[in-house]
Every structure is written in structure tokens, then in C-alpha cells.
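Close look at the chain arrangement
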Amino acid sequence: MDIEEMQQQVQALTDRAEITDLLDRYLRSLDEGVFDEEWARAFHTEDVTAEMPIGTVHGRDALLARVRQGMALFDRTVHLGTNAVIEIDGDRATTRGAQLSTHVLADGTGTVFISAGHADAVLVRTAEGWRISASSLRVAWTQGPPPQVPAPTTVEPDHAGPSSATTPA
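Numbering of residues starts from 1 in every chain and runs along the sequence as written. Restriction of local features to residues with pLDDT of at least 70 applies here, the model being predicted, together with a cutoff of 80 or more for giving and counting side-chain atom pairs; totals for whole chains, interfaces and linings are based on all residues. The basis for every side-chain value is the complete set of non-hydrogen atoms in the structure, without hydrogens or water.

1. Re the confidence of the model for the protein
- On average, residues of the protein carry a pLDDT of 90, and 88% of them reach 70 or more.
- Here residues 158-169 scores under 50 on pLDDT; set against residues more than four positions off or in separate chains, the count is 22 contacts. Predictor confidence is given residue by residue as pLDDT, running from a minimum of 0 to a maximum of 100. We call two residues in contact when some of their heavy atoms are within 4.5 Å.

And the structure:
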């Protein structure tokens, strides 16, 4: 193995570790409950597209608003992600993993709602590090009564122009 091959392998391992760390920190942040602009910038590109059980949003500001809205439905949560398969191609990566989310409803009853499914993401390398440019959570099953969720809507960004984000299949 020559030096160039070794450098490529080290870069691939570093990228994989950084992406894994980003995804793990993202899930943990959902449980910590601090959703501000710093949170949104730490995980997502400005033109992010996110498909969630409570609707699809386009743009970091719209995502921030929707996450605040969705997470307000719960008193406490625990989000677990596992089995992530990461494919890296230069400055772009895709991931697919399993997600198990346990929620205590904010309705004062202590009722637990559990959902499980597959989380897909497209990530891009930015000057600040890897960021999620598109994500999709597809729920495979649930247990317990779900919260009363506002009707799903699509929220467009305030600015005009094409988005470079793609939604994973």
C-alpha cells in the first residue's frame, strides 16, 4: 500500500466517524429539547428537505419550526439509531439506519407512544463539516396511542430559488 492509498483510507474512516457522530448527536439532541438556530445549523444545510411523520419541510427555518412543533407533543423522549449503513462518494454521503423512538405524551397522562422505522439521509461536506441536506423517516410500526398531531403540511422556505437537496428514496 502506498502513501496515497493510505491517506484515502484514513480520509474514508474519518468521514465515516464524523458522519456517525453527527447522526448520533442529532438523535441525542432531540431528547435534550433545545431547538434554536444554532441547533439547526449544527445538523442541517440551509436548503435541507426533511420528510417526517408530521409533514415534509423545505429549508432549515421550516425544519426548525416543524421540529419544535412536533417535539412539543412530548414530555420526554428517547431516540435510538442503529445499523447505519453509510455510503460516501467524495463530498456527498447517504445513510440508512433503523430508528426506535420512545415518547411520553405531553397530555399529562404519562402515556407512552413508541415508533420504529427507517431513517434515510443525504449528507454533504461543508466548510463546517458534514451536514444533513435531506432526510426521511419512514415509520414501520407503532405501539400505544399517538399524540394529536396537526395536519401534515409542506412548508416552503421564505426565499425563492431552486434547492440542491434531494430526498432519499
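2. Here we look at the nonpolar core
- In this structure, I19, L30, F35, W39, V67 and L123 are the most contacted members of the largest nonpolar core, which totals 27 residues.
- To qualify as a helix, a DSSP run of H or I must reach at least 4 residues; to qualify as a strand, a run of E must reach at least 2; elements of each kind are numbered from the N terminus. For this core, the secondary-structure elements that each account for two or more residues are α1 (3-32), α2 (37-43), β1 (44-52), α3 (60-71), β3 (74-89), β4 (92-105), β5 (112-126) and β6 (129-143).
- Ranked by residues supplied to this core, first place goes to α1 with six residues. Definition of nonpolar core: a set of buried residues of the types Ala, Val, Leu, Ile, Met, Phe, Trp, Tyr and Cys, connected through side-chain atoms within 4.5 Å. Burial status follows relative accessibility: with a 1.4 Å probe on protein chains alone, a residue under 20% of its type maximum counts as buried, one over 50% as exposed, and anything between as partly exposed.

3. Digging into the pairing of β6
- Note: β1 against β6, four bridges, orientation parallel. Following the sheet pairing, H44 is matched in β6 by I132.
- For two strands to be treated as a pair, DSSP must find at least two bridges joining them. Pairing of β5 with β6, which is carried by 13 bridges, proceeds in the antiparallel orientation. The partner of S115 across the bridge, within β6, is T142.
- Hairpin connection of β5 to β6: two residues between the antiparallel strands.

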